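# Observations on chain architecture
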Amino acid sequence: MSTLEKTIILLRQMPEQSLESLYDFIRSIWIHQDGKTEHSENSVDTSESMEGFRVLQSFAGTLPADFDYKKELEEMREEKHARFN
């Protein structure tokens, strides 16, 4: 039995949600390897995604050195849940 045949058997046994995730993964690998993609409405624009990731990374390390995460978290929890008391 060929690899393709084994793969098809596995795919037929997988739940639909897993198939969607697998499809997205395989597609991202294919796009990355190909280097050139046809731009259709379904294509993934990795340059846009990477730019968004860089923007998120720019926020890293912007908190003051003395920032107390546990204290801030507790204050936010108290504020949020105070209306239920």
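Predicted model, so just to flag it, every value in this text is computed and none were measured.

Below, the discussion takes up helix H4 (residues 69-81). Spanning 13 residues, H4 covers 18 Å between terminal C-alpha atoms, matching the ideal 18 Å at 1.5 Å per step. Its side-chain oxygen 3.3 Å from the backbone nitrogen of Lys 70, Asp 68 forms the N-cap of H4.

On to the confidence of the model for the protein, then. Mean pLDDT over the protein works out to 78, with 81% of the residues at or above the 70 mark. Considering each helix and strand of the protein separately, the mean pLDDT is smallest for helix H3 (residues 46-58), with a value of 78, and largest for H4, with 89.

This part takes up the pattern of salt bridges. A full pass over the atoms with the stated rule returns 2 salt bridges. With a closest N to O distance of 3.6 Å, Glu 51 and Arg 54 form a salt bridge. Within this pair, Glu 51 and its partner Arg 54 are both found in helix H3, separated by 3 residues, close to a single helical turn. In this structure, Glu 75 engages Lys 71 in a salt bridge whose closest nitrogen and oxygen atoms are separated by 4.0 Å. One end of the pair is Glu 75 and the other is Lys 71, both in helix H4 and 4 residues apart, which spans about a single turn. By relative accessible area, Glu 75 is classed as partly exposed at 34%.

What counts as what
- Counting restarts for each chain, with residues numbered from 1 along the sequence as it is written.
- Residues qualify for local features only when their pLDDT is at least 70, as the model is predicted, and side-chain atom pairs are given and counted only at 80 or more; totals for whole chains, interfaces and linings, by contrast, use all residues.
- Calculated side-chain values reflect all of the structure's heavy atoms, with hydrogen atoms and water omitted.
- Secondary structure elements follow DSSP: runs of H or I of four or more residues count as helices, runs of E of two or more count as strands, with numbering from the N terminus.
- To estimate how far a helix should extend, the number of its residues minus one is multiplied by 1.5 Å.
- Here a polar contact means two N or O atoms within 3.5 Å. Within protein one must be a hydrogen donor candidate and the other an acceptor candidate, and residues neighboring in sequence count only if both atoms are side-chain atoms.
- One confidence number per residue, pLDDT, is output by the predictor and ranges from 0 to 100.
- Basic side-chain nitrogens of Lys or Arg form a salt bridge, by our definition, when they fall within 4 Å of a carboxyl oxygen of Asp or Glu.
- The buried label applies to any residue whose accessible area, calculated with a 1.4 Å probe on protein chains only, is under 20% of its type's maximum; exposed applies above 50%, and partly exposed to all values in between.

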